[in-house]
Amino acid sequence: MARTSRKANRRHPLATVLLIAIGLVVTGGGYALLSSTTTATADTSATSQETIEEGQKLFAANCATCHGMSLEGTADGPSLIGVGAAAVNFQVGTGRMPMAMQGPQAMQKPPQFTDEQTAALAAYVASISPGPAIPDPSLLQGDGDATNGGELFRINCAMCHNVHGAGGALTEGKFAPELTGVAATHIYEAMLTGPQNMPVFNDDNLTPEDKRDIITYLKYLENNPSPGGVELGSLGPVAEGLFAWIFGLGAIIGLMVWLTAKSN
Amino acid sequence: MTTIERSDAPAEVAAPAPAPAKSGGFTAAAANYIDERTSISGVVKEFGRKIFPDHWSFMLGEVALYSFVIIILSGTFLTFFFQASMAEVTYNGSWAPLKGMEMSAAMDSALKISFDIRGGLLVRQIHHWAALLFIAAIGIHMLRVYFTGAFRKPRELNWVIGFTLFVLAMAEGFTGYSLPDDLLSGNGLRIIDGLIKGIPFVGTWISFLLFGGEFPGTAIIGRLYTLHILLLPALVVAFIALHLVFVVVHKHTQFAGGGRTQKNVIGYPILPVYAAKAGGFFFLVFGVVALMAAFFTINPIWNYGPYDPSPVSAGTQPDWYIGFADGALRLIPPGWEFVWLDHTWSFNIIVPVLALLVLLGLVAVYPFIEGWVTGDKREHHILDRPRNAPTRTGIGAAGVTFYAGLWAAASSDIIATHFQLSLESVTHAIQAWVILGPFLAYFVAKRVCIGLMKKDREIVLHGYESGRIVRLPGGEYIEVHEQVDDYERWKLVDYEVYEPLMLRPNSQGKITGSARLRVRLSKWFFEDRIAPASRTELEAGHGHGAAAHDEIEGPGHH
Amino acid sequence: MAHDEVSGAETPASDSSAVETSRTASTSTAVIASDVANPGEPAHRQRVTDTDPQAAKRAQRSVYTLFYLSIAGSVFAVAAYMAFPIENDDVGSVRLNTLFMGIGIALALFGIGLGAVHWAKAIMYDKEGIDIRHPVRGTDETRARAVEIFHEADQESGFGRRTLIRNSLIGALIAFPLPGLVLFRGLAPQSEDPAMLLSHTMWKKGARLTLDPSGIPVKASDVTIGSVFHIIPEGLNEAPDRLEQKAKAAVLLMRLNPDDLNISPGRESWSYDGIVAYSKICTHVGCPVALYEQQTHHLLCPCHQSTFDVVNECQVIFGPAKRPLPQLPIEVDSEGYLVAQSDFNEPVGPSFWERS
């Protein structure tokens, strides 16, 4: 919405007032949504005491060695105070936690806990100190504005994750993972909580609608394979160059050898 | 054919009557009509039966030529739809995630070509795949010419023309890559802008003039378009024409073989065999490109989005042929920039730019360097096998290794993620490779060549190991050595080696510095050499020169 | 074994007419070539299609079948053009159109190519021919005549004799392209000084930091620790030269734990409670340096991997860049919004000659 008004303004500079007005509306909307997510936090924290207790047991058995019995963190793992249910759901739900071994970054692997156990862990961590909650499913449907999502994705995400979400390299052996096939919940939670070296994109930076739009864009890419054909990993010119050399020129050289070979 | 020749007679020229239609209907009449106005029969007589030798590697230049034809054909189609303008428009085409975005007319029209014109995406992909192949084919053609010594007299100037085409092709590629004004190519232009600004004295102004003011401005796409579809193609066409004229003048080189000498060329005539093969090959190359374009995405500009100076994508790389330049920039360690005399000296840009210019310059003048070292003024039409010129092959291997290092550096981030390495260690490893690799490659390639020459000599003198083990009456086992036939042997001995120069005073009785340098280079080039077997050696080796006899040799002879 | 001077007598395998005298006697190279005799052309080998009429027939059949296949391919491509139209807003139809037209065209091309080559290889008369080479240089006679022509032309024109005419012509020819060169000054605006332009951005005292691309102003309280905000100056979206300004003014806003920041003297007031703003334009060749790692506080440029350390005022720790990213001094206005204290204190982006 703000984007559209910007375009209008570029051609009609007199409409600056409109831009500011719309900006304020969007900001206000952001605030409204922020408060609504906070409410959601309150709702989730009202989950049954039973769940929280189960989560506590799981935590003590699987996480406390590194993160401390009361989430205060140790030399081996950061404090979890204030990370909220979203961070737990992301880290455990994508199998990054518990870590298999210390390395440049926690690797994605098959989750170690069932959905219920993950939820219990999340509820327990959220019950100790509140933090970002698991996002509302209405934001995860991929029914937002893909254009806005695409632009925000390119500005905020593509430098690490690549314009097609194919992933990319970071410093000292770390990398930004591929986003294709990642669940919408996890994408949302990653933006909200900034796992590991990923920065946090709080709701003042990318509003919940913005996050929804980004998810919409990523899901659009997933559901609409390239009209040009096989994407070669969406890695850009390196993959294209290798393909042209190995398969293109390779096939042609094969034809050349046949062409100049003496016939039987 | 006969009709055409008859019409050559002067008496016929004056005759008002149409061509004698005696020997054939329409074709003969048409041929006569054209010949009377163009004297085309002379061309047919001159070139119709011209001989072209057959070897797969001689087709590489044709791949480049055909790719260029494909590029011209597909590119012409694209120009009918492309708008080389940076005026801002609002996209309203089929790709949903860009609907409503502001972008330049160039990007908008490139997207329209891709999504709203039937076959448009196919032609765009044909154009881009053919461009990648074009430059790859030129590169590999140059390697073939280099490693077989085809650049020697009288072809030195044609090497330079070909080299110029290589540079022009890269310029064509880069200007075309930038035209859609998408995020990827925009960042590429951004890098070019930064690179130009780092040039001492004139950089800032060159950038300012190129972009028509500050980067990115609103002029660059239109200017690149003029270069891409007018100036550069005209130059490429002119240089290709020149290149081919020289191929005709020189006649093609050939590999050593029975009956082949420096004075002849053996192969198939243009009409009919070669026309069918080479003509058919055009369609084969086009077919491969069409298949690639039908099945594989290239440069999905819709993912990159319109250019904006703020975003960037991970894995931002140029197309492969600019990779070596991008890689050179990546390999510079931190801190190579100084303020001196109140000006900024960006050695982190000057050094890689100079390194590339020196590399390209050496490629361009190599034929003259080797010609000077050997002092050989004869024409060479029989190609060297790469092994028979070990130092040249070693230098080539070193050059390829250096280039490959720069090339790999341009994808250091992708290497890092795909092999789970750290970006820094990949860069450090490639830095070491670029410096040490060429020496190692030179040494290994030269030794391998000399080893192969020794083996060839062994085979000529003693035959090859047949793999047949025979038990002698005395109980001893030996492997039967079989002699190669005369033709095979000829291929192995028809080469020359040079002896290093001796330092001798010139006619004024002086030893000049350049003479010393030349002697030193000559020694470096030719000190290690294996001479081809002579007739006497051959006769001493196994008593007679005739082939086709199985010969049993004692183990001592190996 | 034959030892021959290149400058002297011919070697067995070389063309004597091409041998020239080396420039100086001291620098001729000896060539070693084998004196084994050239066995001549090997006997012509008959193909199956030469000896077996059945095989020849089969080959002919394959050739015309391939040509017919090519026609089928062309027809298929035209049919695909019509059968798979591109529907508005349906990129799936683009895929089908591209794929099937491409397959048809490829089939048409391969049919012709394979057919023609097969024809040449299997059916056409395949005895190799011989062309005789002649030295590339003209014959002595031709060369003598060429020299004579030049000499006559010189005599008739007086080109060599009338040096004043000749030299003034050379001078005129050198001078005449100069106006053409001067014309190219018009490629860039006449009245602007690039070094001045490159030294200033849109940032000025009191300019609000706003979100890229929406232009929504950012409050200090919005920026939580570990966040990164992509920032443009207030009013950029309305600027007539938006992209040029954005290419200089793009900023990254990050909040770190204030204790982690190592701030040098004179810069204490440039940040606000751990919130720092740095130019997003790489000091190497100008890519956006936007890969922020919130735990290691590294900023990585995806183009050439220059790495900047945010806690140490964006000093370079890896890669080809030399200078730290310029810092934008920021403060908070009365409404709590982040604003710039001034423009950058140095030119942003890639180095240039006039920069000092």
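Residues numbered from 1 in each chain as written. Chains lettered and ligands numbered in written order. Predicted model: local features only at pLDDT ≥ 70, side-chain atom pairs only at ≥ 80, totals over all residues.

### Quick word on the overall build of chain A
Looking only at helices and strands, chain A features 11 helices and 2 strands. Along chain A, helices (α) and strands (β) appear in the sequence α-α-α-α-α-α-α-α-β-β-α-α-α when read from the amino end. Counting the 264 residues in chain A, one finds 51% classified as buried. Long-range contacts, defined as pairs at least 24 residues apart, comprise 67% of the intrachain contacts of chain A with a sequence gap of at least 6. (Helix = DSSP H or I, 4+ residues; strand = E, 2+ residues; numbered from the N terminus. Buried ≥ 20, exposed ≤ 12 C-beta atoms within 10 Å, placed from the backbone. Contact = placed C-beta atoms within 7 Å.)

### Brief notes about the interface of chain C and chain A
On the side of chain A, 36 residues touch chain C, which itself brings 37 residues to the contact. Residues that form the side of chain C that touches chain A fall into these classes: 16 nonpolar, 13 polar and 8 charged. (Nonpolar A, V, L, I, M, F, W, Y, C, P; charged D, E, K, R; others polar.)

### Some points on the UniProt feature "transmembrane region" (unreviewed entry) in chain B
All names here are of chain B. In this structure's numbering, the residues bearing the UniProt feature "transmembrane region" (unreviewed entry) are residues 63–82, 128–147, 159–179, 225–249, 270–298, 345–369, 389–410 and 430–449. Along residues 159–179, the helical share is 95% and the strand share 0%, with 30 Å between the first and last C-alpha atoms. Regarding residues 225–249, the helix share stands at 100% and the strand share at 0%, and the terminal C-alpha atoms are separated by 35 Å. (UniProt positions renumbered as here; feature names shortened; annotations may be inferred.)

### Observations regarding the interface of chain B and chain C
Accessible area lost during the coming together of the parts is what is often quoted as the interface size. With 117 residues of chain B at the interface, the matching set in chain C holds 102 residues. Among the residues making up the side of chain B that touches chain C, the classes are represented as 54 nonpolar, 36 polar and 27 charged. In the sheet, strand β4 (residues 264–269) of chain B pairs with strand β3 (residues 129–132) of chain C via 4 bridges, with the strands oriented antiparallel. Note that in β3(C) the partner of N264(B) across the bridge is I132(C). (Pairing = 2+ DSSP bridges.)

### Side note on the UniProt feature "binding site: heme c 2" (unreviewed entry) in chain A
Per the UniProt record, the feature "binding site: heme c 2" (unreviewed entry) sits at C157(A), C160(A) and H161(A). Residue placement: C157(A) occurs in the loop between α7 (146–156) and α8 (158–161). What makes C157(A) buried here is the crowd of 28 C-beta atoms within 10 Å. Within the secondary structure, H161(A) is located in helix α8. When sequence neighbours within four positions are dropped, the list of residues in contact with H161(A) reads G167(A), G168(A), A176(A), L179(A) and A314(B).

### Some thoughts on the sheet that holds strand β10 (residues 307–309) of chain C
All names here are of chain C. Pairing within the open sheet is antiparallel, and its 4 strands lie in the order β8-β9-β10-β11. Bordering the open sheet on either side are β8 (291–292) and β11 (315–318), each of which pairs with just one other strand. Inspection of the sheet shows β10 paired to β11 by 3 bridges, in the antiparallel sense. Bridging from a neighbouring strand, D309 pairs with Q315 of β11.

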